[in-house]
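# Secondary and tertiary structure notes
Letter by letter, the chains look like this.
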Amino acid sequence: MLPLILLLLASSSDGQTQRVSGQKKNGACACEMNSTMWLFPAVKYEAVLQHIESCEVSLNNLQEQVQLSNQRLPQIQTLVKNVTARLEPYQYLHDQGLYSALSLHLLGQELRQLETNIGDIHSQLNNAQTQKLSKETAKEKLRYLKNSVESCKSIPKDFRGHHRYCLKGLITNISDPVVTKISPHGKTYISGSWGKQAQMNSEGQKNIYWVQPLLSSHILGNTLRVYQTYEDFMASANHKDFTVAASYTHANAIEGPSSVLYGEALYYHCYRSADVCRYDLNSKTVKRVTLPGTGVGFNNKFPYCYYDCRANSDVDVEADETGLWAIYATVGNHGNLVVSQLVWDEEAMTLNVSQTWETRLFKKAVSNAFMACGVLYATRYVDEHREEVFYAFDTATGKEDNSLTLPLEKVAKGVASLSYNPTNRQIYMYNDGYLLAYQAHFTPYSNHI
């Protein structure tokens, strides 16, 4: 019997052809085959079925998790917003270098220490000299504590509002003049103010330029000239004049080079008073507020001086990213600079003072001053062609820095007014009839004083 080799085309588990051997027997080919290859793969089927069932369970669990996440996601988003809103005041305090609870605790400690120190001095050396010394020490400490309290109250209501523009730090450089122009009223009027409308969100007025000369003895004024565009201002064309008072000696007249155009109103020092006036360009009405302090200087009591005194520059009205300010001096602060923040209440139609800080810088030792991002900057005379920013006082922290050396080039000797504009970060100088503008450059906020 001859063995035969047969190839059977059978479907095996791996899908290949099986080769089996057979024998010729009784005129037929006989071979043995494993028929299990044609059986239904029940075991594998059950395994696959279990995998499918397991996948269905996993898919159902995943769908339940997705549904649960969709339900909880709005709650999580609300929680995050709530936490963010609650953290914003503390972030502001961190950026400004203030910590309200800690600050108030330290204030209490310093007051107690002050009381102890004064008592010790009196018990050890109770004479006229020590009484004077302890009195001066107490006044200085109280001034510092008062400024610290004002700084603790300086958190804005809207932490995402206009104060975001002030995360710039101190001014570290001032450019050469980018604008040089003779006043449209001529060089003979050596005192006054000028600039660009200073309110940050005043879209309709953002390109307005203005000049406010003191036409009576370089001390008093009652007119404002407005230009709708920079081109008109440079060409001295298409202007509009406003009369803020009936005469130079009217109660609403302008005294000193102090003005600033903020929105649709001119803010300035009122004639022969301790008041700041607000003249509305639309309604032609005047509102006023009295500056706080004992013996507020006016009528040339505490003018800017340093080298030559600028007559009747007692009260200086300024604007920056944080709003309106008045810079002046008081008898109660020994003739040193005082800074008050002004607030216009649109609903009540009243001008108010919200906060006040006292510095140790004697006003007559300063040639001029301006505000930028809540920081008071003061200048001094160097020579006929240069001024220098030498001092800064930060109302957010109550700290000061008198080591600045930022030069300001000028055309003429005298500086009637200096003002910073937050809309373009430029500084405007009224320089004895010349109108000069400079670009201010700031440091990162980490270097804030």
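Use the structure listed above.
Report on the accompanying structure. Sequence order as written defines residue numbering, which begins from 1 separately in each chain. Under the rules for a predicted model, residues below a pLDDT of 70 receive no local features and side-chain atom pairs below 80 are neither given nor counted, while totals for whole chains, interfaces and linings still include all residues. Remark: hydrogens and water are excluded; side-chain values derive from all non-hydrogen atoms of the structure.

### Description of the sheet that holds strand E18 (residues 336–345)
Strand pairing in a sheet relies on backbone hydrogen bonds, with the paired strands running either antiparallel or parallel. Pairing is antiparallel across the open sheet formed by four strands, whose spatial order is E16-E17-E18-E19. Since the sheet does not close on itself, it has two edges, and those belong to strand E16 (316–320) and strand E19 (350–362), each with one partner. Strand-to-strand twist across the sheet, computed as the mean angle between neighbouring axes with direction ignored, equals 25°. A pair of strands counts as paired when DSSP detects no fewer than two bridges linking them. Per the convention used, a helix needs a DSSP run of H or I reaching at least four residues, while a strand needs a run of E reaching at least two, with both numbered from the N terminus. For every element, the axis is a line fit to its C-alpha atoms; helices are fit only across the contacting stretch, and the angle between N-to-C directions ranges from 0 to 180 degrees.

### Concerning the sheet that holds strand E6 (residues 192–196)
The strand order E6-E7-E9-E10 describes an open sheet built from four strands, whose pairing is antiparallel. Each edge of the open sheet is held by one strand with a lone partner, namely E6 and strand E10 (239–243). For this sheet, the mean angle separating the axes of adjacent strands, direction not counted, is 15°. Across three bridges, the pairing between strand E7 (residues 209–213) and strand E9 (residues 223–227) is antiparallel. Pairing of Trp-210 across the sheet is with Val-226, part of E9.

### Digging into the nonpolar core
Ranked by internal contacts, the top residues of the largest apolar core, which has 23 residues, are Ile-171, Ile-174, Phe-370, Tyr-377, Val-389 and Ile-427. Elements that contribute at least two residues to this core include exactly strand E4 (171–174), strand E20 (368–372), strand E21 (375–383), strand E22 (386–394), strand E24 (406–409), strand E25 (417–421), strand E26 (426–431) and strand E27 (434–442). Element by element, the count of residues in this core is highest for E27, at five residues. If near-sequence neighbours (up to four positions away) are discounted, Val-389 is found in contact with Ile-174, Phe-370, Tyr-377, Ala-378, Thr-379, Leu-404, Thr-405, Leu-406 and Leu-408. By size, the runner-up hydrophobic cluster in this structure holds 20 residues, among which are Ala-265, Tyr-267, Val-289 and Val-315. Here the nonpolar core consists of buried residues drawn from Ala, Val, Leu, Ile, Met, Phe, Trp, Tyr and Cys, with membership extended through side-chain atoms lying within 4.5 Å. Think of it in three bands: with a 1.4 Å probe and only protein chains considered, a residue is buried below 20% of the maximum accessible area for its type, exposed above 50%, and partly exposed in between. Throughout, a residue-residue contact means that at least one pair of heavy atoms, one from each residue, lies within 4.5 Å.

### Considering the pattern of salt bridges
Any two side chains of opposite charge can pair if their charged atoms end up close together. The salt bridge criterion pairs a side-chain nitrogen of Lys or Arg with a carboxyl oxygen of Asp or Glu, the two atoms within 4 Å. By the definition in use, this model includes nine salt bridges. The salt bridge involving Asp-275 is made with Arg-288; its shortest N-O contact spans 3.0 Å. Here the residue Asp-275 occupies a position in strand E14 (residues 275–280), and Arg-288 occupies one in strand E15 (residues 286–290), the gap between them amounting to 13 residues. For Asp-275, a relative accessible area of 12% gives the class buried. For Arg-288, a relative accessible area of 32% corresponds to the partly exposed category. Notably, a salt bridge pairs Asp-308 with Lys-413, separated by 3.3 Å at the nearest N-O pair. Taken together, the residues Asp-308 in the loop between E15 and E16 and Lys-413 in the loop between E24 and E25 connect sequence positions 105 residues apart.

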